[in-house]
Amino acid sequence: MTAEPGAGFDGFFAREVAPFIEAKEVERKAVIRRSLWRALPVIALGFICFGASAQLITGEDARGFALFGSVAVMIIGGLMFMSVVIWGREFAEELSSKVFGHFGYEYAPEPPDGFLRPFEACHLLPGHDRQSLEDHVRGEVDGVPFELAEAFLERKVRRDKRDEYDLVFRGLVARYRFPKRFSGRTYVLGDRGILNAFSHAGGGSERVRLEDPRFEERFEVFSDDQVEARYLLTPAFMERLVRLADMSDGPMQAAFAGDELLLVIDGRRGYFAQPSPWRDLRRNDHIHDFVEDIAFIREIAEVLKLDAETRV
């Protein structure tokens, strides 16, 4: 059974999270001290060599080589701070497991291979050349199984004779079991006009016209079964989808595939934020946002009434 958002969290935080953070703060300071003792002498040596090379070496080639070497030494010194970054990542994973566990959810830092395939097959995500996935969460909300992760997608572009990457999606990709049985595929896409028609051309899907003007302003529906699409998208459920879209941080799209409702929300931000290892961990201002993001997992199922056994 999953906990209600915020239910007993203050007590849980005082009992388990706060002592954990106190102990980790002591550890964090020790890690930073060790990194400083190792890195600062190396960086200082690089600066000294850089200054000496610029002043004392007269040969242009020799001076250039010496300056390059000095910069390389400084970079090596900077890399010695990676131990702090690695420690911070491990701390974030431990904290996430504790907090998600309180709500009855399973947490992993990365989703399994192929997690995005159902979303890509349903044309819910923009084309991309590079992807990064993190914060895999799975569990149940009132008996409704779900699975989600954060996705960071980029498309390669050519600028000034070099390759760069533009952000095309940063948000949540989620799968919830749907209470109605269906056999086809129905796609609820943001209104992109002819682009949606092109993406579904030749795939057996056709545009479905629905009677809710507010819904039609926000979404375009394509399906390989017009009757089934209307069976799934009842007036009440369309109203709930619009409400959920209003609650979301950014554009939302959905699809009915298999026995699941797939959702993508392009919030253009990171979810389940963690504190920086470079600041005092006892400053817990991030925890409120963290718990709000977790609460949104339940809100999706509740707003859409995915626990309904009959009509939705």
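Small disclaimer: the values here were computed from a predicted structure and weren't measured.

Peer 1: How do you make sense of the overall build of the chain when you look at a structure like this?
Peer 2: Of the regular secondary structure elements, the chain holds nine helices and nine strands. Burial analysis of the chain (312 residues in total) assigns 44% to the buried set. In the chain, 69% of the contacts between residues at least 6 apart in sequence involve partners at least 24 apart. Of the accessible surface of the chain, which amounts to about 16700 Å², a share of 53% is contributed by carbon and sulfur atoms.

Peer 1: What should I look at first to understand the packing of helix H8 (residues 235-247) against helix H9 (residues 285-304) in this one?
Peer 2: The description of two helices packed together rests on the angle between their axes and the distance between the axes. Taken N-terminus to C-terminus, the directions of H8 and H9 make an angle of 155°; their axes are 9 Å apart at the nearest point. On the basis of their axis angle, the class for H8 and H9 is roughly antiparallel. Where H8 crosses over H9, the two elements pack in a sense that is right-handed. Across the interface between the two elements, Phe237, Arg240, Leu241, Arg243, Leu244 and Met247 from H8 touch Phe296, Glu299, Ile300, Val303 and Leu304 from H9. Looking at the contact of H8 with H9 residue by residue, the class counts come to eight nonpolar, no polar and three charged.

Peer 1: I keep staring at H8 and nothing clicks. Help me out?
Peer 2: Here H8 contains 13 residues, and its C-alpha end-to-end distance of 19 Å stays within 8% of the 18 Å for a straight helix at 1.5 Å per residue. Of all the positions in H8, only Phe237, Met238, Arg240, Leu241, Val242, Leu244 and Ala245 are classed as buried. Those residues of H8 hidden inside the fold are in contact with helix H6 (213-218), strand S7 (219-223), helix H7 (226-232), strand S8 (252-257), strand S9 (260-265) and H9.

Peer 1: For this particular structure, what's the right way to read the nonpolar core?
Peer 2: In a soluble, globular protein the nonpolar side chains are often hidden away together inside. In this structure, Tyr176, Phe215, Leu233 and Ile297 are the most contacted members of the largest nonpolar core, which totals 62 residues. For Tyr176, the contacting residues outside a window of four places in its chain are Val144, Pro145, Phe146, Leu148, Asp259, Glu260, Leu261, Leu263, Ile297, Ile300, Ala301 and Leu306. Grouped together as the second largest cluster of nonpolar side chains are 20 residues, Leu125, Val168, Phe169 and Val264 included.

Peer 1: I'm lost on the pairing of strand S2 (residues 130-141) in this one. Help?
Peer 2: The side chains of a regular strand alternate, first on one face of the sheet and then on the other. Where strand S1 (residues 106-108) and S2 come together, three bridges link them in antiparallel fashion. Counterpart to Ala108 in the pairing with S2 is His136. With ten bridges joining them, S2 and strand S3 (residues 144-159) adopt antiparallel strand pairing. Residue pairing across strands places Arg138 opposite Glu147, the latter belonging to S3.

Peer 1: Looking at this structure, I do not really get the side chain of Asp135. What am I missing?
Peer 2: Note that Asp135 resides in strand S2. Buried Asp135, no salt bridge; nearest opposite-charge side chain is Arg170, N-O distance 8.5 Å. A distance of 2.7 Å separates the side chain of Asp135 from the side chain of Tyr107, its partner in a polar contact. Among residues more than four places away in sequence, those in contact with Asp135 are Tyr107, Ala108, Pro109, Glu110, Leu148, Ala149, Glu150, Tyr271 and Phe272.

Peer 1: I would appreciate a short explanation of the packing of helix H3 (residues 82-102) against H9 in the present structure.
Peer 2: Contact pair H3 / H9: the axes reach a minimum separation of 11 Å and the direction vectors enclose 50°. Judged on the interaxial angle alone, H9 and H3 are oblique. Classified by chirality, the crossing of H9 by H3 is right-handed. Within the contact between the two elements, H3 uses Leu95, Ser96, Val99 and Phe100 and H9 uses His286, Phe290, Ile294 and Ile297.

Peer 1: How should I be thinking about the pattern of salt bridges in this particular structure?
Peer 2: One side chain can pair with another of opposite charge once the charged atoms of both are near each other. All told, the structure shown has 21 salt bridges when counted by the stated rule. Close ionic contact of Glu22 with Arg282 constitutes a salt bridge, the shortest N to O distance being 3.9 Å. Of this pair, Glu22 sits in helix H1 (residues 9-56) while Arg282 sits in the loop between S9 and H9, placing them 260 residues apart in sequence. Classification of Glu22 by relative accessible area gives partly exposed; the value is 41%. When its relative accessible area of 36% is taken as the criterion, Arg282 is described as partly exposed. One salt bridge connects Lys29 with Glu25, and the closest N-O pair in it is separated by 4.0 Å. Placement of the pair is Lys29 and Glu25 together in helix H1, with a separation of four residues, close to one helical turn. A relative accessible area of 37% means that Lys29 is categorised as partly exposed. Residues joined by salt bridges that share partners form a network here, namely Arg159, Arg162, Glu164 and Asp166.

What counts and how
- Every residue gets a number counted from 1 within its own chain, in the order that chain's sequence is written.
- Local features in a predicted model are, by the rule used here, given only for residues with pLDDT of at least 70; side-chain atom pairs are given and counted only at 80 or more, and totals for whole chains, interfaces and linings are based on all residues.
- The side-chain figures draw on all heavy atoms in the structure; neither hydrogens nor water molecules are used.
- The numbering of helices and of strands both runs from the N terminus, where a helix is a DSSP run of H or I of at least 4 residues and a strand a run of E of at least 2.
- Working definition: with a 1.4 Å probe on protein chains only, accessible area under 20% of the residue-type maximum means buried, over 50% means exposed, and in between means partly exposed.
- Note on contacts: a residue pair is in contact if any heavy atoms of the two residues lie within 4.5 Å.
- Under the convention used here, a 1.4 Å probe and the Shrake-Rupley method define accessible areas, while residue burial counts only the protein chains that appear.
- Helix axes are fitted to C-alpha atoms over the stretch in contact, other axes to C-alpha atoms as well, and angles between N-to-C directions run from 0 to 180 degrees.
- An angle below 35 degrees is read as roughly parallel, one above 145 as roughly antiparallel, one from 65 to 115 as roughly perpendicular, and any other as oblique.
- Note on convention: near helix rotated counterclockwise from far helix by under a right angle means a left-handed crossing. Clockwise means right-handed.
- For this classification, the nonpolar set comprises Ala, Val, Leu, Ile, Met, Phe, Trp, Tyr, Cys and Pro, the charged set comprises Asp, Glu, Lys and Arg, and every other residue, Gly included, is treated as polar.
- In this analysis, the expected span of each helix is defined as 1.5 Å times one less than the number of residues it contains.
- Working definition of a nonpolar core: buried Ala, Val, Leu, Ile, Met, Phe, Trp, Tyr and Cys residues. They are joined through side-chain atoms within 4.5 Å.
- Two strands form a pair only when DSSP identifies at least two bridges running between them.
- For this count, His and the chain ends are skipped, Lys and Arg are scored as positive, and Asp and Glu as negative.
- Definition used for salt bridges: Asp or Glu carboxyl oxygen within 4 Å of a side-chain nitrogen of Lys or Arg.
- In protein, a polar contact requires one atom able to donate a hydrogen and another able to accept it; more generally it is a pair of N or O atoms within 3.5 Å, and residues adjacent in sequence count only if both atoms are side-chain atoms.

That is the geometry; function is a separate question.
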